[in-house]
Amino acid sequence: MNTPFDIASVPVGHGQLFLISGPCVIESEAHVRKMADSIQRIASGLGVPYIFKASYDKANRTSIKSFRGPGLTEGCRILRAVAKDTGLPVLTDVHTPQDCRAVSEALGDVEAVLQIPAFLCRQTDLLIAAAETGRAINVKKGQFVAPWDMRHAVEKVRESGNQRVFLTERGASFGYNNLVVDMRSLPAMRAFAPVVFDGTHSVQTPSAGNGVSGGQPEFIPVLTRAAVAAGIDGVFLEVHDNPAEAKSDGANALHLNKLKAVLEQLLAVHRAVSSTQI
């Protein structure tokens, strides 16, 4: 059952395309605020409901030397401040069952989404703990999981008393250091939950850069257009104002100066699809 719901003023599964966007990781409070303000202006100008995303910790880095973020306490303080000042819902990853309650309490009364990373999408205790916070839950489909098997992750959340759960497609492993997107996965998963397409991690080349992941950001527009044409509910885009200097996933990030044009294309596709549905 695909159950629509709202995250503050953001409708999920109601037929209006929404955006999840921001840098991969919190690099500094000043940078987070700059990105949130810049993306919010673009999304607001186009009438796109928007959730700001940035993670306080990136536990799944290729190298032990990679930057992970400011940590739970400082990261959640920054996210809460951004949410308070902008009115935006915020999204961040959680990695352990213990994180879920601590993050939810640190974020306080702001609207927030807890995101289950792709590699952890089968972790029952993590899914249950996230669900029990009452926050909306975004489960990223594992690169190793068939789309129809994501039903079980959704059921773990719903049977734990939380109906606000959606899924995000981010590509499937295709040999070494490569991902592909099977567009059939989008309607397959949308049969039982709202679906978001991650246009930036889908063009990642995992661990392909001698200790870091690479990417092919030139394919972000074409894959996101195809996903919107397939009938998704939302788009997930990691955006940075200087991808070459980003502290995480810069190789597959969309440059901030390209976001408006990409969203305009996606809205045009969405309108065309919505007007021709039978």
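These numbers were taken from a predicted model, which means no experiment stands behind them. (Residues numbered from 1 in each chain as written. Predicted model: local features only at pLDDT ≥ 70, side-chain atom pairs only at ≥ 80, totals over all residues. Heavy atoms only, no water.)

1. Some points on the overall build of the protein chain
Applied cut-off: A helix here means a DSSP run of H or I that spans at least four residues, while a strand means a run of E at least two residues long, and both kinds are numbered starting from the N terminus. When a residue's accessible area, from a 1.4 Å probe over protein chains only, is under 20% of the maximum for its type it is buried; when over 50% it is exposed; and in between it is partly exposed. When checking whether two residues touch, look at their non-hydrogen atoms; a contact exists if any pair is within 4.5 Å. Working definition of accessibility: Shrake-Rupley area with a 1.4 Å probe, residue cover restricted to the visible protein chains. For the purpose of counting charges, residues Lys and Arg are taken to be positive, whereas Asp and Glu are taken to be negative. His and the chain ends are not included. For the purpose of locating charges, the reference atoms are NZ of Lys, CZ of Arg, CG of Asp and CD of Glu.
Counting its regular elements, the protein chain contains eight helices and 15 strands. Each of the 278 residues in the protein chain was classed as buried or not, and the buried ones make up 54%. Within the protein chain, residue pairs in contact and separated by at least 24 positions form 71% of the contacts whose partners lie at least 6 positions apart. Carbon and sulfur atoms form 51% of the exposed surface of the protein chain, whose accessible area is close to 11,700 Å². Averaging the coordinates of the 28 positive side-chain charges in the protein chain and doing the same for the 27 negative ones gives two points 2 Å apart.

2. Considerations on unusual backbone geometry
The backbone phi angle of Ala8 is positive, close to 55°, even though this residue is not glycine. Looking at where Ala8 falls in the secondary structure, it is placed in the loop between strand S1 (5-7) and strand S2 (10-12). Phi is positive for Asn177, which is not a glycine, with a value near 60°. You can see Asn177 is positioned in the loop between strand S9 (172-173) and strand S10 (179-180).

3. Regarding the packing of helix H1 (residues 29-46) against helix H2 (residues 72-86)
Operational definition: Axis geometry follows a simple rule: fit a line to the C-alpha atoms, using only the stretch in contact for helices, then measure angles between N-to-C directions, giving values from 0 to 180 degrees. Crossing handedness follows the turn of the near helix against the far one: under a right angle anticlockwise gives a left-handed crossing, and clockwise gives a right-handed one. Gly is placed with the polar residues, together with every amino acid not listed as nonpolar (Ala, Val, Leu, Ile, Met, Phe, Trp, Tyr, Cys and Pro) or charged (Asp, Glu, Lys and Arg).
One can describe the packing of H1 onto H2 by two numbers: an axis separation of 10 Å at closest approach and a directional angle of 35°. Relative to H2, the crossing made by H1 is right-handed. Across the interface between the two elements, Glu29, Val32, Arg33, Ala36, Asp37 and Gln40 of H1 pack against Arg77, Ile78, Ala81, Val82, Asp85 and Thr86 of H2. A class-by-class count of the residues in the contact of H1 with H2 yields five nonpolar, two polar and five charged.

4. Some remarks on helix H5 (residues 150-158)
Let me state the cut-off plainly: Directions drawn from the helix axis to the C-beta atoms are what define this arc.
Those residues of H5 that fall on the buried side of the exposure criterion are Met150, Ala153, Val154, Val157 and Arg158. Down the axis of H5, the sector holding all buried residues measures 135°, keeping them to one side. In this structure, the buried residues of H5 make contact with helix H4 (124-132), strand S7 (136-140), strand S8 (165-169) and helix H6 (185-190).

5. What to know about the pattern of salt bridges
Heads up, the condition is: By definition, a salt bridge exists where a carboxyl oxygen of Asp or Glu is found within 4 Å of a side-chain nitrogen of Lys or Arg.
Scanning the model with the defined rule gives 16 salt bridges in all. Close ionic contact of Asp233 with Arg190 constitutes a salt bridge, the shortest N to O distance being 2.8 Å. Residue Asp233 is found in the loop between helix H7 (220-229) and strand S14 (234-240), and its partner Arg190 is found in helix H6; the two are separated by 43 residues along the sequence. Linked through salt bridges whose partners overlap, the residues forming this network are Glu29, Arg33, Glu74, Arg77 and Asp85.

6. Observations concerning the pairing of strand S5 (residues 90-93)
Short version of the rule: The rule for pairing is simple: two strands pair if DSSP sees at least two bridges between them. Handedness of a crossover: with both strands directed away from the viewer, a clockwise path from the first strand across the helix to the second marks it as right-handed.
Neither face of S5 is exposed, since Val90 and Thr92 on one face and Leu91 and Asp93 on the opposite face are all buried. Taken together, the two bridges between strand S4 (residues 50-53) and S5 define a ladder with parallel strand orientation. When the bridges of S5 are listed, Phe52 appears paired with Val90. One crossover worth recording links S4 to the parallel S5 by way of H2, and it is right-handed.

7. Structural notes on the layout of surface pockets
Short version of the rule: Only protein atoms enter the 1 Å grid used here. Points where a 1.4 Å probe fits but cannot escape make up a cavity, open sets with protein on both sides within 12 Å along at least five of seven lines make up a pocket, and a residue lines them when an atom lies within 4 Å of a point. Grid points are joined across faces, edges and corners, and a volume is the space filled by probe spheres set on the points.
Roughly 660 Å³ of volume is contained in the largest pocket. Taken together, 33 residues form the lining of the largest pocket, with Asn60, Phe119, Arg170, Gln204 and Asp249 sitting closest to its centre. When grouped by side-chain class, the residues that make up the lining of the largest pocket number 11 nonpolar, 15 polar and seven charged.

8. Remarks on the packing of aromatic side chains
Threshold: Planes of paired rings set the category: under 30 degrees apart is stacked, over 60 is edge-to-face and the rest tilted, where pairs are Phe, Tyr or Trp rings (Trp by its six-membered ring) whose centres lie within 6.5 Å.
If you walk through the whole model with that rule in mind, you get three aromatic pairs. An angle of 35° between the planes, with centres 6.3 Å apart, marks the rings of Phe5 and Phe166 as tilted. With Phe5 in strand S1 and Phe166 in strand S8, the pair connects residues that are 161 residues apart, well separated along the chain. Exposure class is identical for Phe5 and Phe166. Each is buried.

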